[in-house]
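So you can see what is in the structure, the chains are spelled out below.
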Amino acid sequence: MTQDSTSLSQPPVPHQPLTLAILGAGAWGSALAQLARYNGHTVNLWSRRFGNSLEESINAVDVLVSAISMRGVAVTAQQLQTLKLPEKIPIVTATKGLDPDSTRTPSQLWGNWFPQHPIVVLSGPNLSAEIEQGLPAATVVASENLEAAKIVQTVFASNRFRVYTSSDPMGTELGGTLKNVIAIAAGVCDGLQLGTNAKSALLTRALTEIIRIGTHLGGKTETFFGLSGLGDMLTTCNSALSRNYRVGYGLAEGKSLEQVLTELGSTAEGVNTTNVLIEIAHRERIPVPISWQVYQLLNHQITPQKAVEALMERDLKPEFYDR
Ligand SMILES: NC(=O)c1ccc[n+]([C@@H]2O[C@H](COP(=O)([O-])OP(=O)(O)OC[C@H]3O[C@@H](n4cnc5c(N)ncnc54)[C@H](O)[C@@H]3O)[C@@H](O)[C@H]2O)c1
Ligand SMILES: O=P(O)(O)OC[C@H](O)CO
């Protein structure tokens, strides 16, 4: 068997066991902890509800990972600022959401609060239930500090989890965040049994919409065609394991949002993300027709059937505008 020539040109990677603090012992924090432990690393998995204090959990760690849902990020970071985080360690953010107060992404928030630390975004098609079963998956670690991204790559990469680096943290983060809005729409599409043609049309036009917003906010176009963009959209929009997809599916079945969220009993970031996204889109005057219908649906302004009609009856236009 010939060796992959690209691997010969890659720099040597540190394989020594590290100590990680993973904040958030929910579905994703627990799966990331399993991946890191699989590679022989020590993990302090912190929960606000049980176990060691935040101060104990971050003591002498080499890497900090945040897998907290969006609503807990600001409050946890504020707590962290009063503590002594080991100097210059990478902070990895794995949250897929937008801050409702500032409309900023988690990596922007972490970068603002901890300017001395390299910030790394971890995002990709990563349903935690599949990862915890040991099924193969891939993800992206993106940072302006490529050395930090490479460290995080080696922490998590294994024969069951392939990790790519990227120098586009904003694009990587926005792909994973914005697809949650589309996953709600995809759940509606399947719940109404609109067929395969409709689903393909929805996802293809949604990618155009994500790229329009994502590039406006600073992401690179090609990133949205990668694992953290198209890849994560395909996973989340096609799996009943996705909580955001289940929100849309439940709404199409005639359930109220409150009922769906109660039955879910877990984080569906797309609900908050839709509201923040529409605020950004209005402020920046970015057309987001699909996300707008999801927004109206979540805010009890329209039925699933009316949302489909509204999308189908929009003004006719070319698929692509000439540049
Ligand atoms: N589950 C997945 O498959 C998956 C995969 C990739 C990314 N993500 C993202 O990871 C994030 C977490 O998702 P999850 O699936 O683990 O959700 P979850 O509901 O299972 O867990 C959320 C975690 O955040 C913590 N948290 C919430 N509010 C908090 C607060 N105020 N203070 C401190 N901690 C708080 C909870 O205690 C819990 O540990 C989300 O942004 C999600 O989009 C999830
Ligand atoms: O369960 P969801 O909808 O939050 O999706 C989980 C991950 O984001 C999939 O990559």
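Under an unreviewed UniProt entry, the protein has the name Glycerol-3-phosphate dehydrogenase [NAD(P)+] and belongs to Planktothrix tepida PCC 9214. The Pathway (unreviewed entry) comment attached to the protein in UniProt states, word for word, "Membrane lipid metabolism; glycerophospholipid metabolism." If you open the UniProt record of the protein and go to Subcellular location (unreviewed entry), you find "Cytoplasm".

Undergrad: Can you break down the site of ligand 2 residue by residue, with the values?
TA: All residues adjacent to ligand 2 are K96, G124, P125, N126, L127, K179, D232, T236, L241, S242, R243 and N244. Contact distances for ligand 2 include 2.7 Å between an oxygen atom and a side-chain N or O atom of S242. With respect to the pocket detection grid, ligand 2 is positioned in the largest pocket. Where the shell around ligand 2 is concerned, the elements lending two or more residues are helix 11 (227-237) and helix 12 (243-252). The class makeup of the residues in the shell around ligand 2 is 3 nonpolar, 5 polar and 4 charged.

Undergrad: Hey, could you go over the packing of aromatic side chains for me, with residue numbers and the actual values?
TA: Taken as a whole, this structure holds 4 aromatic pairs when the rule is applied. Consider the rings of Y245 and Y249, whose centres lie 6.0 Å apart with planes at 35°: the pair is tilted. With a gap of 4 residues between them, Y245 and Y249 both fall in helix 12, about one helical turn apart. Here W292 and Y295 contribute two aromatic rings whose centre-to-centre distance is 5.3 Å and whose plane-to-plane angle is 15°, an arrangement assigned as stacked. Here W292 and its partner Y295 are both found in helix 15 (residues 289-298), 3 residues apart, which amounts to about one turn of the helix.

Undergrad: Run through the site of ligand 1, naming residues and quoting values.
TA: If you check the shell around ligand 1, you find 22 residues, and the closest are W28, S128, R243, T267 and E269. Backbone polar atom of A25 to an oxygen atom of ligand 1: 3.0 Å apart, as the coordinates give it. Expressed as a share of its isolated accessible area of 820 Å², the protein-covered part of ligand 1 is 87%. Given that more than half its atoms are within 2 Å of the pocket grid, ligand 1 belongs to the largest pocket. Of all the secondary-structure elements, those providing two or more residues to the shell around ligand 1 are helix 2 (27-38) and helix 4 (70-81). If you tally residues by element for the shell around ligand 1, the top one is helix 4, at 3 residues.

Undergrad: Mind laying out the side chain of S228, listing which residues take part and the relevant values?
TA: Mapping S228 onto the fold places it in helix 11. Its relative accessible area of 2% is what places S228 among the buried residues. Look past the residues within four positions of S228 in its chain and what remains in contact with it is S123, G124, V140, T172, G175, G176 and T223.

The rules behind these values
- Residues numbered from 1 in each chain as written.
- Chains lettered and ligands numbered in written order.
- Predicted model: local features only at pLDDT ≥ 70, side-chain atom pairs only at ≥ 80, totals over all residues.
- Heavy atoms only, no water.
- UniProt positions renumbered as here; feature names shortened; annotations may be inferred.
- Near = heavy atom within 4 Å.
- Polar contact = N/O pair within 3.5 Å; in protein donor to acceptor, adjacent residues only side chain to side chain.
- 1 Å grid on protein atoms, 1.4 Å probe; cavity = no way out; pocket = protein on both sides within 12 Å on 5 of 7 lines; lining within 4 Å.
- Sits in = over half its atoms within 2 Å of the grid points.
- Helix = DSSP H or I, 4+ residues; strand = E, 2+ residues; numbered from the N terminus.
- Nonpolar A, V, L, I, M, F, W, Y, C, P; charged D, E, K, R; others polar.
- Phe/Tyr/Trp six-rings, centres within 6.5 Å; stacked < 30°, edge-to-face > 60°.
- Areas by Shrake-Rupley, 256 points an atom, 1.4 Å probe, with all protein chains shown as cover.
- Buried < 20%, exposed > 50% of the residue type's maximum accessible area, 1.4 Å probe, protein only.
- Contact = heavy atoms within 4.5 Å.

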